[in-house]
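Survey of secondary and tertiary structure
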Amino acid sequence: MHPKLFIFLQYITPQHLLSRVAGWLAETRIGGIKNPFTKWFVEKYKVDMREAQEEDYTAYTCFNDFFTRALKDDARPIVEGENTIAGCADGAISQLGEIHNGRIFQAKGQDYSLLELVGGDPEIAAQFTGGKFATVYLSPKDYHRVHMPLDGVLQRMIYVPGDLFSVNTTTAAHVPRLFARNERLVCIFDTAAGPMAMILVGAMIVAAIETVWAGQVAPIKRQIRTTRYDEQKPIALKKGEEMGRFKLGSTVVLLFGADKVNWLEELAAETPVKMGEHFGDLI
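Conventions used here
- Numbers given for residues are sequential positions, taken from 1 along each chain in its written order.
- Per-residue local features of the predicted model are confined to residues with pLDDT of at least 70, and side-chain atom pairs are confined, for both listing and counting, to 80 or more; whole-chain, interface and lining totals are unaffected and use all residues.
- Excluded from the side-chain calculations are hydrogens and water; all other atoms, namely the structure's heavy atoms, are used.
- Secondary structure elements follow DSSP: runs of H or I of four or more residues count as helices, runs of E of two or more count as strands, with numbering from the N terminus.
- Residue burial is assigned from relative accessible area. The probe radius is 1.4 Å, only protein chains are included, and a residue is buried under 20% of its type maximum, exposed over 50%, and partly exposed in between.
- Note on contacts: a residue pair qualifies if any of its non-hydrogen atoms lie within 4.5 Å across the two residues.
- Method for areas: the Shrake-Rupley scheme with a 1.4 Å probe, in which residue coverage is limited to the protein chains shown.
- Salt bridges, as used here, are contacts in which a Lys or Arg side-chain nitrogen is within 4 Å of a carboxyl oxygen on Asp or Glu.
- UniProt positions are given in the numbering used here, feature names are shortened, and annotations may be inferred rather than shown by experiment.
- Two strands are counted as paired when DSSP detects at least two bridges linking them.
- Between N-to-C directions, angles span 0 to 180 degrees; the directions come from axes that are lines fitted to C-alpha atoms, helices contributing only their stretch in contact.
- In this analysis the probe radius is 1.4 Å and the grid spacing 1 Å, with only protein atoms considered; a cavity is a set of points the probe fits into but cannot get out of, a pocket is an open set with protein on both sides within 12 Å along at least five of seven lines, and lining residues have an atom within 4 Å of a point.
- Grid points are joined across faces, edges and corners, and a volume is the space filled by probe spheres set on the points.
- Residue polarity is assigned by list, with Asp, Glu, Lys and Arg as charged and Ala, Val, Leu, Ile, Met, Phe, Trp, Tyr, Cys and Pro as nonpolar; anything else, Gly included, falls into the polar class.
- Any N or O atom pair separated by 3.5 Å or less is treated as a polar contact, with the protein-specific requirement of one donor-capable and one acceptor-capable atom, and with residues adjacent in sequence counted only for side-chain atom pairs.
- Among the buried residues, those of types Ala, Val, Leu, Ile, Met, Phe, Trp, Tyr and Cys that are joined through side-chain atoms within 4.5 Å form a nonpolar core.
- Each residue after the first adds 1.5 Å to the expected span of a helix.
- Taking the helix axis as origin, the arc is that swept by the directions to the C-beta atoms.

Some words on the overall build of the protein chain
From N to C terminus, the protein chain includes 8 helices and 18 strands. In the protein chain, which comprises 283 residues, the proportion classed as buried is 53%. For the protein chain, long-range pairs separated by at least 24 residues make up 77% of all intrachain contacts whose partners lie at least 6 apart in sequence. Surface exposure of the protein chain reaches about 13000 Å², of which carbon and sulfur atoms provide 53%.

Take a look at the structure:
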């Protein structure tokens, strides 16, 4: 399909209605529906079921359970070292680099506002001004649980309503402010590198975003909602622990403050990455 037609169709599609219908279908337990569809999905996207704790795709109660499947314990070793940053998800680098003048690079000719990305809170945005960002795209074939790059204590979670454009390379190149206009969940952690943001970005037919501490948090009422965790019993997660998951996949944006971390030199746009692998280092 021509890129311009692909983008035009996304503008005119009832994105949220389509996503909710897809979510309902992904939850069906009717074997005559879920099994043929899951088989098609495995074959089309060449999903490696040998990594999964349950290798038989028909054993999952619904497609979402298959999609968010757990991996075998040794499938993703976590990089060792107090100063190392682990990859947060399987996927590929969309872009990464420095946050310049409060703007984050999206694709050639496209960038977006850090302030808008984090939900419009200047206090949060200031923590990452001049810092580093990394955007990781999770394709359909990938493992769709998101894990901690470092040990962290949750400070706050902000749900930001928005659009549900696809988040692949075509839309990143043609849809302005893509990651700052899509529905997203902004999670702020206190780490050894200072504040760290993990932003889970929704997309077309993403049925829901979940976290390990709050369960399903999107879709909810379409208004910004902030939950403070620094004023209650701390939620502490270790490097490599699961922090959330996508039901039908999307993108994670990582943010760190100025002069806190360096990404590995070999990482660049389209570089494939795995959860737990060496991703960067604390300065």
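That covers the picture; the talk isn't over yet.
Quick word on the pattern of salt bridges
All told, the structure shown has 16 salt bridges when counted by the stated rule. Note that arginine 156 is salt-bridged to glutamate 123, the shortest N-O span being 4.0 Å. Taken together, the residues arginine 156 in strand 7 (residues 152–160) and glutamate 123 in helix 6 (residues 122–126) connect sequence positions 33 residues apart. Here the salt bridges do not stand alone but share partners, grouping Glu51, Arg76, Asp90 and Lys274 into one network.

Concerning the UniProt feature "modified residue: Pyruvic acid (Ser)" (unreviewed entry) in the protein chain
Per the UniProt record, the feature "modified residue: Pyruvic acid (Ser)" (unreviewed entry) sits at Ser250. Among the secondary structure elements, serine 250 is positioned in the loop between strand 14 (242–247) and strand 15 (251–256).

Quick notes on the sheet that holds strand 16 (residues 261–263)
Pairing within the open sheet is antiparallel, and its 3 strands lie in the order 1-18-16. The outermost strands of the open sheet, each flanked by one partner alone, are strand 1 (84–86) and strand 16. Pairs of neighbouring strands in the sheet enclose a mean axial angle of 30°, with direction left out of account. Note that strand 1 and strand 18 (residues 278–282) share 3 bridges and pair antiparallel. Residue threonine 84 lies in a different strand from strand 18, and its bridge partner there is aspartate 281.

Section: the layout of surface pockets
Estimated volume of the second largest pocket: approximately 230 Å³. Taken together, 14 residues form the lining of the second largest pocket, with Ile93, Ser94, Thr169, Ala172 and Glu270 sitting closest to its centre. Looking at which element gives the most residues to the lining of the second largest pocket, the answer is strand 2 (residues 91–98), with 4 residues. The residue inventory of the lining of the second largest pocket, partitioned by class, reads 8 nonpolar, 5 polar and 1 charged.

So, the UniProt feature "active site" (unreviewed entry) in the protein chain
According to UniProt, the positions carrying the feature "active site" (unreviewed entry) are Asp90, His147 and Ser250. A maximum C-alpha distance of 14.3 Å places the annotated residues, which cover 161 residues in sequence, within one compact spot. Relative to the helices and strands, aspartate 90 is located in the loop between strand 1 and strand 2. Judged by its relative accessible area of 2%, aspartate 90 is buried. Aspartate 90 has contacts with Arg76, Val136, Tyr137, Leu138, Asp142, Tyr143, Val273, Lys274 and Met275, leaving out every residue within four places of it along the chain. Polar contacts involving the side chain of aspartate 90 include one to the side chain of arginine 76, which spans 2.6 Å.

A closer look at the environment of valine 146
The residue valine 146 is located in strand 6 (residues 145–147) in this model. Here valine 146 falls in the buried class, since its relative accessible area comes to 0%. Each C-alpha atom of the pair valine 146 and threonine 251 lies 9.9 Å from the other, and the pair is 105 residues apart in sequence. Apart from residues no more than four positions distant in its own chain, valine 146 is found in contact with Cys88, Met198, Glu241, Glu242, Met243, Gly244, Arg245, Phe246 and Val252.

What to know about the environment of proline 36
Along the chain, the position of proline 36 falls in helix 3 (residues 31–45). For proline 36, a relative accessible area of 46% gives the class partly exposed.

Considerations on the side chain of arginine 145
If you trace the backbone, arginine 145 turns up in strand 6. Separated by 2.8 Å, the side chain of arginine 145 and the backbone oxygen of threonine 68 make a polar contact. Within the structure, arginine 145 has its side chain in polar contact with the side chain of glutamate 242 (distance 3.3 Å). Here arginine 145 is in contact with Thr68, Arg69, Ala70, Cys88, Ala89, Glu242, Gly244 and Arg245, once residues within four sequence places are set aside.

Things to note about the nonpolar core
Nonpolar side chains in soluble globular proteins tend to be buried together. Residues Phe189, Met198, Trp213, Met243 and Phe279 are the most contacted members of the largest nonpolar core, which totals 38 residues. Beyond its immediate stretch of four places on either side in the chain, tryptophan 213 contacts Leu154, Met157, Cys187, Phe189, Tyr229, Ile235, Leu237 and Met243. In terms of nonpolar packing, the next biggest core, distinct from the first, is built from 27 residues, Val118, Phe133, Val160 and Val253 among them.

Here's the deal with helix 3
Helical geometry note: an α-helix holds 3.6 residues per turn, so side chains three or four residues apart project in the same direction. Its 15 residues give helix 3 an end-to-end C-alpha distance of 21 Å, which sits within 8% of 21 Å, the value for a rise of 1.5 Å per residue. When we look at burial in helix 3, the residues that qualify are Lys34, Thr38, Phe41 and Val42. Buried residues of helix 3, seen end-on, are gathered within an arc of 95° and therefore sit on one face of the element. When the buried face of helix 3 is taken as reference, the exposed residues oriented beyond 90 degrees from it are Gly32 and Glu43. Contacts made by the buried residues of helix 3 are with helix 4 (63–67).

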